[in-house]
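# Topology and contacts: notes
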Amino acid sequence: VLEATPTKPLPAGWRTWRDAAPFGGPSADYRRWRSDVKLWIAYPWPHQAAHRHFAFPVVKDPNWYRDHVKNLHVEPGEQPEMIRELAHEAVAFLEERDLVTIPELCKETWRMERMSPGRQKVNPYFTGGEVISVSFPTDTMEHNDKLMSLRGNNRHFARATVHHELIPGHHLQLAEVRANPDPVRTILWDNATVEGWGLYAEQLFWEGGGFGDSPKATLAMLRSYRFRIRRVIYDVNIATETWTLQQ
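These remarks concern the structure in this document. Because the structure is a prediction, the values reported are computed rather than measured.

Helices and strands together make up the secondary structure of the protein, namely 13 helices and 2 strands. Across the protein, contacts joining residues at least 24 apart in sequence account for 60% of those joining residues at least 6 apart.

Here it is in structure tokens:
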């Protein structure tokens, strides 16, 4: 499905592990990508060596660049328009390159809802599928919570989230599942498959240039991976009672 056509080739720099080694082992490009993620996880933030490796600005205070990207958020009330723009951007990127067939109904039927202040304390990022929940500041929130809602969902961080939740992520996958004639496929829910596809969609967009070729895009994607990896470690230790909730 994710394949270029002769008339619409993939952009320069596109890489997946299948390209160089279709019958065994990851390609050198994939190993480099995996090495980058490992390096990012290994270095505690802030760290000048990580900044140099990923071509982030090397400044006296490494926190400056992270905070700079976080502050590139839209004004309060403009989050829905930003999500709409990013969703249309994703569809255009996929269709211009013939990467995947998107049913017209799938493009037309997703919608947005606003996330409650209470829910934002549990999960401050956009969530979704057919319905994408929008984090936004309200007049009932403390000022720091308002800023956290805006800064944590800045345009660069939100790009990966929107693509993960809508198209080509959860919304596209679940739309295809519901249309499958096999009744088992329509009711069987497997979280590893669903979330794995969403993360895979983010990775392909990043590698294919869909997030833009800039350190801001790299920071946003690496931050996304660090968040997921930390969550896996947390889930396993809680489930096995190795950690207490307080820990």
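This brings us to the pattern of salt bridges. Side-chain pairs of opposite charge can arise where the charged atoms are in close proximity. Scanning the entire structure with this criterion turns up 8 salt bridges. Notably, a salt bridge pairs Arg159 with Glu89, separated by 2.7 Å at the nearest N-O pair. Pair noted here: Arg159 is in helix H9 (residues 155-165) and Glu89 is in helix H5 (residues 79-96), with a separation of 70 residues, a long-range link. Taking the shortest distance from any N to any O, the salt bridge between Arg97 and Glu96 comes out at 3.6 Å. Where salt bridges share partners, they join Glu95, Glu104 and Lys107 into one cluster.

The next thing to look at is the packing of aromatic side chains. The final tally for this structure, using the stated rule, is 2 aromatic pairs. When the centroid spacing of 5.0 Å and the interplanar angle of 35° are considered together, the rings of Phe93 and Phe205 count as tilted. Here Phe93, found in helix H5, pairs with Phe205, found in helix H12 (residues 191-207); they are 112 residues apart in sequence, far enough to count as distant. Neither residue differs from the other here; Phe93 and Phe205 are each classed as buried. Positioned above the aromatic ring of Phe136, the side-chain terminus of Arg114 is 4.6 Å from the ring centre.

Now for unusual backbone geometry. At the junction of Ile167 and Pro168, the peptide bond is cis and its omega measures out at 15° in the coordinates. For Pro168, the location among the structural elements is in the loop between H9 and helix H10 (170-179). One non-glycine residue, Asp98, adopts positive backbone phi at about 55°. Residue position: Asp98 is located in the loop between H5 and helix H6 (104-108). At Glu241, a residue that is not glycine, the phi angle is positive and equals roughly 60°. With respect to the helices, strands and loops of the structure, Glu241 is situated in the segment after helix H13 (215-239).

Mapped onto the elements, Ser149 comes out in helix H8 (residues 143-151). Assessed through its relative accessible area of 3%, Ser149 is described here as buried.

On to the packing of helix H4 (residues 63-70) against H13, then. One can describe the packing of H4 onto H13 by two numbers: an axis separation of 11 Å at closest approach and a directional angle of 90°. The angle between H4 and H13 places the two elements in the roughly perpendicular class. Only Pro215, Lys216 and Leu219 of H13 make contact with H4, whose side of the interface consists of Tyr65, Arg66, His68 and Val69. Split into classes, the residues belonging to the contact of H4 with H13 amount to 4 nonpolar, 1 polar and 2 charged.

Thresholds, definitions, all that
Residues numbered from 1 in each chain as written. Predicted model: local features only at pLDDT ≥ 70, side-chain atom pairs only at ≥ 80, totals over all residues. Heavy atoms only, no water. Helix = DSSP H or I, 4+ residues; strand = E, 2+ residues; numbered from the N terminus. Contact = heavy atoms within 4.5 Å. Salt bridge = Lys/Arg side-chain N within 4 Å of Asp/Glu carboxyl O. Phe/Tyr/Trp six-rings, centres within 6.5 Å; stacked < 30°, edge-to-face > 60°. Buried < 20%, exposed > 50% of the residue type's maximum accessible area, 1.4 Å probe, protein only. Lys NZ or Arg CZ within 6 Å of the ring centre and 35° of its normal. Axes fitted to C-alpha atoms, helices over the stretch in contact; angles between N-to-C directions. Parallel < 35°, antiparallel > 145°, perpendicular 65-115°, else oblique. Nonpolar A, V, L, I, M, F, W, Y, C, P; charged D, E, K, R; others polar.

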